[in-house]
Amino acid sequence: MALTEQSLVTIDDLSTGEIEAIFSLADEMSAAATTPDQGRSRQVGKLCRGKIMASLFFEPSTRTRLSFEAAMYRLGGSVITTMDIGATSLAKGESLADMARIIGSYADIIVIRHPWEGAAKVVADYSGVPVINAGDGGHQHPTQTLLDLYTIRKERQTIKGLKIALWGDLKYGRTIHSLIFALAKFGANILFCPSPGLEVPEHILQKLVTEYGGDVERLAPPKQTNKERLFPLDAVYTTPTNPHQLAMIPDVGLAVELKTGVDALYVTRPQKERFTTAENEELEKKYLVVDKKLLEDKAFRKTLVMHPLPRIDELAYDLDTDPRSQYFKQAAHGVPVRMALLALLLGAENTAVPRNNSKQVGIDYPVYRQDLDLKCPNTRCVSIQKTETKYLKPEFKIVNRDPLTLRCTYCEHGFEPQYIASSNWHEGKLSDKKYHRADSHWARIIKDENLIVFASAAEAESQGFKPSHYTGGRH
Ligand code: NCD
């Protein structure tokens, strides 16, 4: 099937049909584990015989690494592993591309976790073997999403039309970022419940609406009633396949949203390792806790309580024996789901992809790849790290013209640049070599192939451009 030899860098790499195929095979893998001596089980234990998985974990991990490694062993394959940048030549200044090329010649598949956003894409671009992103900074964690969806589907039989609340650190949580797009792909509705200061990045909401359709409706800041304080709903995503209340009920609010019940509450911990120093003190103090008391409300009578784990203080231990809690089961699903994924990417299994193989996001954005000094503004992006700039050229998709918005091809961070120009200024007439504010009408006029984007006015001037009338206020 089409998955053979593919990489999984973001959840967009998989269609709904491919995800369904992974789930069907994961069901078989679970069944094989419970009847180890029967025919199919013995076969499963040999599926990846002779194959080697490189497991590279450059950030802490318990569940993801160990379930990937257990999955490979259960398929009869072998594992080579490293868990510390300090123990590899990356510490000597080797680039990810060089490391990828080398490991690609030792292993048949690479699983990588790395603090730089876009790192897994670089490894996939250079290794020559399938690469699985096991978490790249705060960007994405697509295999966690697979087991999250698998858990929901097992409990509810479907994902379509469900109402899923995402709770906690929606800003830095990579599991959240992958899950948002996957839920939209399957037609679920989303309630965004961030801890104060940790709202979903704007560029993620924009992508959700422009590429998956549907609406994001923002709620007025809470009125500080007890319920609103305890359940910090700040935005609602409504799937286009489920034209709901939003259009009909002008008063979108907590009470309305909770009335029909919440199907799952997905809790996350504060991703402290990604907080800025200023955020560190502030945000942790305000972090909201999910406990039995919160879930007494009738909206949560049947709610699946989920968490990618590890938990810190945000999910009370009093919920562990509650039948609604799914998080330990969720983690256990990591093995069969990852077994299925490894077997498919390595071509050891050939499950047919169901017909509903709707390839999600189909927008073919123009690419901005000028050889100038524009860098991705995200300090964690792989494309701006010293070891990588020697060979990586910054590359952006032009995802909007009004306002002009670029999206980094590596970390997918979206941003609105400040200044622009056209490379097609009147020939020979240097006085026409002008730059403009990116929020002027020029942003809509300059053709893709002529567009030049500057990080600052100083940079435009250093390239010999003069300010136009349109470098003042908004025009
Ligand atoms: C998550 C991760 O690493 O992003 N953990 C996991 O893989 N289960 C969540 C987290 O660390 O908070």
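Scroll up for the structure.
Residues numbered from 1 in each chain as written. Predicted model: local features only at pLDDT ≥ 70, side-chain atom pairs only at ≥ 80, totals over all residues. Heavy atoms only, no water.

(A) Just the pairing of strand S9 (residues 264–267), in detail. The alternating pattern of S9 places Ala264 and Tyr266 on one face and Leu265 and Val267 on the opposite face, and all of these are buried. Summarising the sheet, S9 and strand S10 (residues 304–306) pair through three bridges and their orientation is parallel. When the bridges of S10 are listed, Ala264 appears paired with Leu304. (Buried < 20%, exposed > 50% of the residue type's maximum accessible area, 1.4 Å probe, protein only. Helix = DSSP H or I, 4+ residues; strand = E, 2+ residues; numbered from the N terminus. Pairing = 2+ DSSP bridges.)

(B) Up close: the packing of helix H7 (residues 174–185) against helix H8 (residues 202–212). Two numbers describe how H7 lies on H8: the axes approach to 11 Å, and their chain directions differ by 20°. Regarding the angle of H7 to H8, the classification is roughly parallel. Seen along the crossing, H7 lies across H8 with a hand that is right-handed. Taken together, the residues of H8 that come into contact with H7 (itself represented by His177, Ile180, Phe181, Ala184 and Lys185) are Ile204, Lys207, Leu208 and Tyr212. Residues that form the contact of H7 with H8 fall into these classes: six nonpolar, one polar and two charged. (Axes fitted to C-alpha atoms, helices over the stretch in contact; angles between N-to-C directions. Parallel < 35°, antiparallel > 145°, perpendicular 65-115°, else oblique. Left-handed = near helix turned anticlockwise from the far one by under 90°. Contact = heavy atoms within 4.5 Å. Nonpolar A, V, L, I, M, F, W, Y, C, P; charged D, E, K, R; others polar.)

(C) Broad picture of unusual backbone geometry. Cis geometry is adopted by the peptide bond preceding Pro310, which originates at Leu309 and carries an omega value of 10°. By the secondary structure assignment, Pro310 is in the loop between S10 and helix H13 (327–332). With an omega dihedral of 0°, the bond running from Asp402 to Pro403 counts as a cis peptide bond. If you check the backbone angles, Gln157 has positive phi at about 70° while not being a glycine. Relative to the helices and strands, Gln157 resides in the loop between helix H6 (142–156) and strand S5 (163–168). In this model, Leu309 sits at a positive phi of 65°, which is unusual for a non-glycine residue. With respect to the helices and strands, the residue Leu309 is situated in the loop between S10 and H13.

(D) Local environment of the sheet that holds strand S15 (residues 419–422). Here we have four strands laid out as an open sheet, ordered S17-S15-S16-S18, and mixed in their pairing. At either end of the open sheet lies a strand with only one pairing partner, and these are strand S17 (451–454) and strand S18 (466–467). As paired elements, strand S16 (residues 434–437) and S18 share two bridges and run parallel to each other. When the bridges of S18 are listed, Lys434 appears paired with Lys466.

(E) Molecular detail of the site of the ligand. The environment of the ligand is formed by Arg63, Thr64, Arg113, His141, Gln144, Arg174, Thr175, Arg269, Gln271, Pro308, Leu309 and Pro310. Between an oxygen atom of the ligand and a side-chain N or O atom of His141, the distance comes to 2.8 Å. Residue Gln271 places a side-chain N or O atom 2.8 Å away from an oxygen atom belonging to the ligand. Its free accessible area being 320 Å², the ligand has 95% of it covered by the protein chains. For the shell around the ligand, the elements supplying multiple residues, two or more each, are helix H3 (63–74) and H7. Split into classes, the residues belonging to the shell around the ligand amount to three nonpolar, five polar and four charged. Counting contributing residues per domain, the shell around the ligand is built from domain 1 (11–141 + 332–345) and domain 2 (143–327), each supplying no fewer than three. (Near = heavy atom within 4 Å. Polar contact = N/O pair within 3.5 Å; in protein donor to acceptor, adjacent residues only side chain to side chain. Areas by Shrake-Rupley, 256 points an atom, 1.4 Å probe, with all protein chains shown as cover. Domains from an automatic or database assignment.)

(F) Summary view of the state of the cysteines. Across all of its chains, the model carries zero disulfides by this definition. Cysteine Cys376 remains unbridged, with the sulfur of Cys411 as its closest cysteine sulfur at 3.6 Å. Residue Cys376 is classed as buried on the basis of its relative accessible area of 3%. (Disulfide = S-S within 2.5 Å.)

Just distances and angles here, no functional claims.
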